[in-house]
Amino acid sequence: MRIAKALSDIGVRMIEVGDPNVAPDIKSSIKRIIRMKKDGEIESEIVVHCRALRQDVENAASLEPDRVAIFHGVSDVHLKYKHRKTREEALQAMAEMVSFARSHGVAVRFTAEDASRADLEYLIAVVRAARDAGASRVSIADTIGVFTPDRAREVFARVKEAVPDVGLDIHAHNDLGLAIANSLAAVEGGADVVHTTVNGLGERAGITPLQVFAAAYYYLTGVKLVRLEKLPEITALVEAATGITLMPNFPVVGENAFTHKAGVHQAGVLASPETYEPFPPEVVGRTREFTLDRYSGRKAVRHRLERMGINVPDDVLEKVVEEVKRADAPRLRDEELLEILERVTGTPYRARVSKMVEAYIWLRVANNVYTTSVARRAAALANVVSVAEITGDYDIVVKVVASSIEELNRTIEEIRGIKGVASTLTNIVLKEIPTPGSRA
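Given the structure is predicted, the values throughout are model-derived calculations rather than measurements.

(A) Expanded view of the overall build of the chain. For the chain, the helix and strand inventory stands at 16 helices and 13 strands. C-alpha atoms of the chain, sized along the principal axes, occupy 85 × 50 × 40 Å. Of all 440 residues assigned to the chain, the portion counted as buried reaches 45%. Summarising the internal contacts of the chain: among those between residues at least 6 apart in sequence, 67% fall at separations of at least 24. Element-wise, carbon and sulfur atoms account for 51% of the exposed surface of the chain, whose accessible area totals about 21,900 Å². Considering the chain, the positive charge centre built from 58 side chains and the negative charge centre built from 61 side chains are found 2 Å apart.

Structure below.
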């Protein structure tokens, strides 16, 4: 329900909320989301998914969503091995189920499953039959991710030319890493709805990621399809709900998406961000970062010091850069950079720089919940720097580093909101004592 609300709030026009025939709890969740729409909490069109079977369609339509999405395979492979129907038999079954759904007073989208491997003339016949039976939209699905951009553009253009009075969706799987490119090409060919998931989740390698498609479309056309600045928030929400975290190099919302490492890149971005960035990170709710390590140069080190309110002469900067390049660390934190500066100048700096707020949060997990699933969801939250499963009165301890008490409180509330967290205890760090040989 929180994810559905968040999607609506950022401007997603359609939300497909699942198939009520899969399990009772899914049906219950769909009912609650539809109630949110009727109560005005959600503005998006609510779409319910189902197979092209009479009982499934009736169950889906009975929930009174805005639209029922009916799917049926259209490739010869699916018709032979999955449906065991001839092309003509399948065409009749598809049309009957679309008409049956329309008789319940709901809008219909028909999904042509495995359309990318279907005979194009037969696919056009399917789209036309679905339209004639009452479907106002048809989804052309690249079910195993084998479209190429050129082929996707061609198929959509041909279908749009043959059946111009039906809306077309692209549903692109990412098995070969082409989902975003194929979705963009399909739009060029005539698609006006793109199926996406937050973080690119889905069967196997997933489908087109919402964040990346929206950012790419903005860069290419200047049009903001959703509130781009809210993308990091919905990314974190879905990470916490699923326990599936993004790779650091995930485009747009990954940890490293706007982090610059090589000295030449850092110098270029500091001179003009457009040298190494497609658009300012603030557009998508991000900030620009520079790693400090042996690859960093003078401009990056000076920038990091100035960000902390410290200006040093050029000769001191040169010595600091030399020490940075010798440091045996994958990335230098601010604290470690200040330690180097103190060593070079013999002057204390760390006491002058305001510290972040650090806290340890102890979690008790409900008896019927898998502890590791809670730990993974906590680890996905912003400001969480470490998570450990422990023995004793509590099950998990989480370390949080925040820029303020307000930010810390928000993180605590997010942790308390994780399904399975029974209770928490928070300890704020007052003073951390460096141990011999440590950098902190």
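On we go.
(B) The sheet that holds strand 2 (residues 45-51), seen in detail. Strand order in this open sheet of seven strands is 1-2-3-4-5-6-7, and the pairing throughout is parallel. This sheet does not close on itself; its edge strands, each paired only once, are strand 1 (14-16) and strand 7 (193-194). Sheet analysis places strand 6 (residues 167-172) next to strand 7, joined by two bridges and oriented parallel. Looking at the pairing, Asp 169 lines up with Val 193 of strand 7. Where helix 7 (residues 149-162) meets the sheet, its contacts fall on strand 5 (137-142) and strand 6, and the angle it forms with strand 6 comes to roughly 160°.

(C) View of the sheet that holds strand 12 (residues 396-402). Pairing within the open sheet is antiparallel, and its four strands lie in the order 11-12-10-13. Looking at which strands have only one partner, the edges of the open sheet turn out to be strand 11 (384-389) and strand 13 (421-428). The mean angle between the axes of side-by-side strands here comes to 20°, regardless of whether they run parallel or antiparallel. Two elements, strand 10 (residues 357-365) and strand 12, share seven bridges in a ladder whose sense is antiparallel. Note that in strand 12 the partner of Ile 361 across the bridge is Val 398. Lying on the sheet, helix 15 (residues 371-379) is in contact with strand 10, strand 11, strand 12 and strand 13; it crosses strand 11 at an angle near 170°. Relative to the sheet, helix 16 (residues 405-416) contacts strand 10, strand 11, strand 12 and strand 13, its axis offset from that of strand 13 by approximately 160°.

(D) Main features of the pairing of strand 2. When you tally the buried positions in strand 2, you get five out of seven residues, the bulk of the element. Relative to strand 2, strand 1 is paired through three bridges, and the arrangement is parallel. In the strand pairing of strand 2, Ile 15 is matched with Ile 46. Viewed along the sheet, the connection from strand 1 through helix 2 (residues 24-38) into strand 2 turns out right-handed. In this structure, strand 2 lies alongside strand 3 (residues 67-73), joined through five bridges in parallel fashion. Looking at the pairing, Val 47 lines up with Arg 67 of strand 3. Note on the crossover from strand 2 through helix 3 (residues 54-62) to strand 3: the handedness is right-handed.

(E) Expanded view of helix 12 (residues 298-307). Considered for burial, the residues of helix 12 that qualify are Ala 300, Val 301, Arg 304 and Leu 305. The buried residues of helix 12 all sit within an arc of 130° when viewed along its axis, so they share a single face. Residues of helix 12 that are buried in the fold lie against helix 11 (263-271), strand 9 (289-290), helix 13 (314-326) and helix 14 (334-345). Note on helix 12: the residue one or two positions beyond its end, Gly 309, has a positive phi of about 85°.

(F) Local environment of the nonpolar core. Core analysis: the biggest nonpolar cluster contains 82 residues, and Ile 70, Val 74, Phe 110, Leu 123, Val 159 and Val 284 have the highest contact counts within it. Per-element tally for this core: the top contributor is helix 6 (residues 120-133), with eight residues.

(G) Inspection of the pairing of strand 10 at higher detail. Burial of the side chains of strand 10 is restricted to one face: Val 357, Ala 359, Ile 361, Leu 363 and Val 365 are buried, whereas none of Glu 358, Tyr 360, Trp 362 and Arg 364 on the reverse face is. Direction of pairing for strand 10 relative to strand 13: antiparallel, over a ladder of seven bridges. When the sheet's bridge partners are listed, Ala 359 is paired in strand 13 with Ile 428.

(H) Main features of helix 9 (residues 210-221). For helix 9, built from twelve residues, the straight-helix expectation of 16 Å at 1.5 Å per residue is met to within 8% by its first-to-last C-alpha distance of 16 Å. Taken together, the buried positions of helix 9 are occupied by Leu 210, Gln 211, Val 212, Phe 213, Ala 214 and Ala 215. On its buried face, helix 9 sits against helix 1 (2-10), helix 8 (179-189), strand 7 and helix 10 (231-242). Residue Gly 222 follows helix 9 closely and has a positive phi angle near 80°.

(I) Examining the side chain of Thr 291 more closely. Along the chain, the position of Thr 291 falls in the loop between strand 9 and helix 12. A relative accessible area of 5% means that Thr 291 is categorised as buried. Thr 291 has contacts with Thr 259, His 260, Lys 261, Gln 266, Ser 296, Arg 304 and Arg 331, leaving out every residue within four places of it along the chain.

(J) Summary view of unusual backbone geometry. For Glu 64, which is not glycine, the phi torsion reads 60° and is therefore positive. As for its placement among the helices and strands, Glu 64 is situated in the loop between helix 3 and strand 3. On the accessibility criterion, Glu 64 (51% relative accessible area) is exposed. Although it is not a glycine, Asp 114 sits at a positive phi angle of roughly 60°. Note on Asp 114: relative accessible area 0%, which makes it buried.

(K) How the structure looks around the environment of Gly 189. By the secondary structure assignment, Gly 189 is in helix 8. Taking relative accessible area as the criterion, Gly 189 reaches 10% and is therefore assigned buried. When the C-alpha positions of Gly 189 and Ser 62 are compared, they lie 35 Å apart, and in sequence the two are 127 residues distant. Gly 189 has contacts with Arg 153, Phe 156, Ala 157 and Lys 160, leaving out every residue within four places of it along the chain.

Parameters and conventions
Residues numbered from 1 in each chain as written. Predicted model: local features only at pLDDT ≥ 70, side-chain atom pairs only at ≥ 80, totals over all residues. Heavy atoms only, no water. Helix = DSSP H or I, 4+ residues; strand = E, 2+ residues; numbered from the N terminus. Buried < 20%, exposed > 50% of the residue type's maximum accessible area, 1.4 Å probe, protein only. Contact = heavy atoms within 4.5 Å. Areas by Shrake-Rupley, 256 points an atom, 1.4 Å probe, with all protein chains shown as cover. Lys, Arg positive; Asp, Glu negative; His and termini not counted. Charge placed at Lys NZ, Arg CZ, Asp CG, Glu CD. Pairing = 2+ DSSP bridges. Axes fitted to C-alpha atoms, helices over the stretch in contact; angles between N-to-C directions. Right-handed = clockwise from strand over helix to strand, strands pointing away. Arc of directions from axis to C-beta. Core = buried A, V, L, I, M, F, W, Y, C linked by side-chain atoms within 4.5 Å. Expected span 1.5 Å × (residues − 1).

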